[in-house]
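The lines below spell out each chain.
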Amino acid sequence: MEIIIREALPGDFDQVFGLLKQLWPDKEPDYPATKKMFDHNLQSSFQFYIVALSGPQIIGFCSLTVKHNLWCQGLLGNVDEMIVEESYRGQGIGKKLLDRITEIAITQNCRQLELESSFHRTKAHEFYKEAGFESRAFHFSKPL
């Protein structure tokens, strides 16, 4: 099976939206609001979206936000979303996505790469540890 990793395009949204629903099983994302944000971020110079394809099917999605950060005294790359279609997991696709997003972070002169992962995603936690990530903080969230 050949897997292609490429930048996301506006026409990819419907398939990416399906993956996001897998990533957030306890949330029902609002389609129009999510599409508006997706399209906006595709035009941003500090947001990067990539997809993994098997033929015409998008089977993985990963996003990166680059921001100025005092803690690391420079640019920080934050992996906001990363998901591989459940039936394709364990085949190295997540590693390919993470490798490519890391390359992008390096070309953007990021000093650090970070991500968050929900408590219930224990297999993902092991994957990130194997990829060299360390747990360094708790993440707190408050709806506004």
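Below: a short report on this structure. For every chain, the first residue of the written sequence is number 1, and numbering continues from 1 onward in sequence order. It should be noted that, the model being predicted, local features are given only for residues of pLDDT at least 70 and side-chain atom pairs only at 80 or more, the latter also being counted only at that level, while totals for whole chains, interfaces and linings use all residues. For the side-chain quantities, the full set of heavy atoms in the structure was used; hydrogens and water were omitted.

**Thoughts on the pattern of salt bridges**
Applicable threshold: A pairing counts as a salt bridge when a side-chain nitrogen of Lys or Arg comes within 4 Å of a carboxyl oxygen of Asp or Glu. A helix here means a DSSP run of H or I that spans at least four residues, while a strand means a run of E at least two residues long, and both kinds are numbered starting from the N terminus. The buried label applies to any residue whose accessible area, calculated with a 1.4 Å probe on protein chains only, is under 20% of its type's maximum; exposed applies above 50%, and partly exposed to all values in between.
Overall, the coordinates contain six salt bridges when judged by the stated rule. For Lys 35, the salt bridge goes to Asp 39, with nearest N and O atoms at 2.8 Å. Highlighted residues: Lys 35 and Asp 39, both in helix H2 (residues 31-42), separated by four residues, approximately one helical turn. Linking Lys 95 and Asp 99 is a salt bridge whose minimum nitrogen-to-oxygen distance equals 2.9 Å. Placement of the pair is Lys 95 and Asp 99 together in helix H3 (residues 93-107), with a separation of four residues, close to one helical turn. A residue is classified by how much of its surface remains accessible, and Asp 99, at 38% relative accessible area, is partly exposed.

**Some details on the sheet that holds strand S5 (residues 110-115)**
Keep this limit in mind: In short, DSSP must find at least two bridges between two strands for them to pair. Axes here mean lines fitted to C-alpha atoms, for a helix over just the part in contact, with angles spanning 0 to 180 degrees between N-to-C directions.
Spatially, S1-S2-S3-S4-S5 is the arrangement adopted by the five strands of the open sheet, whose pairing is mixed. In this open sheet, the two strands that pair with only one neighbour each are strand S1 (4-7) and S5. Taken pair by pair, the neighbouring strands of this sheet meet at an average axis angle of 25°, ignoring direction. Relative to strand S3 (residues 57-69), strand S2 (residues 47-54) runs antiparallel, the two sharing eight bridges. Looking at S3, one finds that Tyr 49 is bridged to Ser 63.

**Here's the deal with the layout of surface pockets**
Operational definition: Cavities and pockets are defined on a 1 Å grid built over the protein atoms alone: a cavity is a set of grid points where a 1.4 Å probe fits but cannot escape, while a pocket is an open set with protein on both sides within 12 Å along at least five of seven lines, and lining residues are those with an atom within 4 Å of any such point. Grid points are joined across faces, edges and corners, and a volume is the space filled by probe spheres set on the points. Classification convention: Asp, Glu, Lys, Arg as charged; Ala, Val, Leu, Ile, Met, Phe, Trp, Tyr, Cys, Pro as nonpolar; all other residues, Gly among them, as polar.
By volume, the largest pocket amounts to about 1600 Å³. Those elements that provide at least two residues to the lining of the largest pocket are helix H1 (13-23), H2, S2, S3, strand S4 (74-84), S5 and helix H4 (122-130). Looking at the lining of the largest pocket residue by residue, the class counts come to 18 nonpolar, twelve polar and nine charged. Each pocket or cavity is described by its volume, and for the second largest pocket that value is around 540 Å³. Surrounding the second largest pocket, 21 residues form its lining, Arg 89, Arg 121, Lys 123, Ala 124 and Phe 127 being those nearest its centre. Of all the secondary structure elements, the ones that give two or more residues to the lining of the second largest pocket are S4, H3 and H4. In terms of residue count, the dominant contributor to the lining of the second largest pocket is H4 (seven residues). A class-by-class count of the residues in the lining of the second largest pocket yields eight nonpolar, six polar and seven charged.

**Re the side chain of Ser 63**
Counted only if it meets this: Whenever two N or O atoms come within 3.5 Å, that pair is a polar contact, provided that in protein one can donate a hydrogen and the other can accept it, and provided that, for residues adjacent in sequence, both atoms are side-chain atoms. Note on contacts: a residue pair qualifies if any of its non-hydrogen atoms lie within 4.5 Å across the two residues.
Mapped onto the elements of the fold, Ser 63 is located in strand S3. Engagement of the side chain of Ser 63 in a polar contact is seen with the side chain of Glu 81, the distance being 2.4 Å. Discounting residues that sit within four places of it in the chain, Ser 63 has contacts with Phe 48, Tyr 49, Asn 78, Val 79, Asp 80, Glu 81 and Ile 101.

**A word on the packing of aromatic side chains**
Stated formally: In this analysis, rings of Phe, Tyr and Trp, with Trp reduced to its six-membered ring, are considered paired at centre separations within 6.5 Å, and the interplanar angle assigns stacked below 30 degrees, edge-to-face beyond 60, and tilted for intermediate values. Only when the NZ of Lys or the CZ of Arg is both within 6 Å of the ring centre and within 35 degrees of the ring normal is a charge said to sit over the ring.
What the rule picks out here adds up to ten aromatic pairs. A ring pair is formed by Tyr 128 and Phe 133, whose centres lie 6.0 Å apart and whose planes are at 70°; its orientation type is edge-to-face. For the residue pair Tyr 128 and Phe 133, the accessibility class agrees, reading buried in each case. By the ring-pair criterion, three or more aromatic residues cluster together here, those being Phe 13, Phe 17, Tyr 31, Phe 38, Tyr 49 and Phe 61. Between the NZ or CZ atom of Lys 27 and the centre of the ring of Trp 24, over which it lies, the distance is 5.2 Å. Seen from the ring of Trp 71, Arg 136 lies directly overhead, with NZ or CZ sitting 3.7 Å from the centre.

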